[in-house]
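So the chains spell out like this:
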Amino acid sequence: MVKPLKRPVSALVVLHDGCGNILLIQRADRQNFWQSVTGSVEDGEIPFETAVREVWEETGIRLSDGQLDDWQHSSVYEIYPHWRYRYPPGVTHNIEHVFSAIIPRNSTIRLQPEEHSAYQWLPIADAAEKVFSPSNREAILRLGKHLNQKD
């Protein structure tokens, strides 16, 4: 079965424990490419629904009502050339909507082996350094500033 082409609109979900630790997952198709939960908006979805679905698909965690925090923030980034074949011809940029959710560190994480090969919890600074995506790094650092303001 041929996968349909992706829409250049996605959701990024930074999962954290509320105490300064971020859950990262490693891509199965690119060694050492660590990221937060992310995925493209599918037909008929709004980014919020995509965020909830992607957390479930990529981690096995079902978010409860009110658990997902919509940052009301998006960024535009250039799609890496090696992933452009997944999009319609001529598409070079993606709009990424940012979300976060607090989950317990002892949550059972169930990865889809065809998408992700490992996960780890890291302090904010280490997580920001480890992710390959600049927009993911920015979101993690913004979350860190937000958490520090609450202290």
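As recorded in an unreviewed UniProt entry, the chain goes by Dihydroneopterin triphosphate diphosphatase and comes from Neisseria iguanae.

## A few points about the nonpolar core
Of all hydrophobic cores here, the largest spans 17 residues; its most connected members are Val-13, Leu-15, Val-55, Leu-63, Leu-68 and Ile-103. Put simply, the parts of the chain that give this core at least two residues each are β1 (9–16), β2 (21–27), α1 (47–59) and β6 (93–102). Here Val-55 is in contact with Val-13, Leu-15, Val-37, Gly-60, Ile-61 and Leu-63, once residues within four sequence places are set aside. Membership of the second largest hydrophobic core comes to 16 residues, among which are Val-14, Leu-24, Trp-34 and Leu-122.

## Remarks on the layout of surface pockets
In this structure, the largest pocket encloses a volume near 1100 Å³. The wall of the largest pocket is formed by 37 residues, among which Lys-6, Gly-39, Ser-40, Arg-86 and Glu-115 lie closest to the centre. The greatest single-element share of the lining of the largest pocket, amounting to four residues, is contributed by α1. Tallied by class, residues from the lining of the largest pocket come to 13 nonpolar, nine polar and 15 charged. As a volume, the second largest pocket reaches approximately 220 Å³. Contributing to the lining of the second largest pocket are twelve residues, with Asp-69, Trp-71, Ser-100, Leu-143 and His-146 lying nearest its centre.

Conventions and cut-offs
- Counting restarts for each chain, with residues numbered from 1 along the sequence as it is written.
- Owing to the predicted nature of the model, reporting of local features is limited to residues with pLDDT of at least 70; listing and counting of side-chain atom pairs is limited to 80 or more, with chain, interface and lining totals taken over all residues.
- Just so you know, side-chain values use all the structure's heavy atoms and leave hydrogens and water out.
- Definition used in this section: a nonpolar core is a set of buried Ala, Val, Leu, Ile, Met, Phe, Trp, Tyr and Cys residues joined via side-chain atoms within 4.5 Å.
- The rule is simple: take the accessible area with a 1.4 Å probe, protein chains only, and divide by the maximum for that residue type; under 20% is buried, over 50% is exposed, in between is partly exposed.
- Here a helix means four or more residues in a row that DSSP labels H or I, a strand means two or more in a row labelled E, and each is numbered from the N terminus.
- Whether two residues touch is decided by their heavy atoms; if any such pair falls within 4.5 Å, the residues are in contact.
- Only protein atoms enter the calculation, which uses a 1 Å grid: trapped sets of points that fit a 1.4 Å probe without letting it out are cavities, open sets showing protein on both sides within 12 Å along at least five of seven lines are pockets, and any residue with an atom within 4 Å of a point is a lining residue.
- Grid points are joined across faces, edges and corners, and a volume is the space filled by probe spheres set on the points.
- Gly is placed with the polar residues, together with every amino acid not listed as nonpolar (Ala, Val, Leu, Ile, Met, Phe, Trp, Tyr, Cys and Pro) or charged (Asp, Glu, Lys and Arg).

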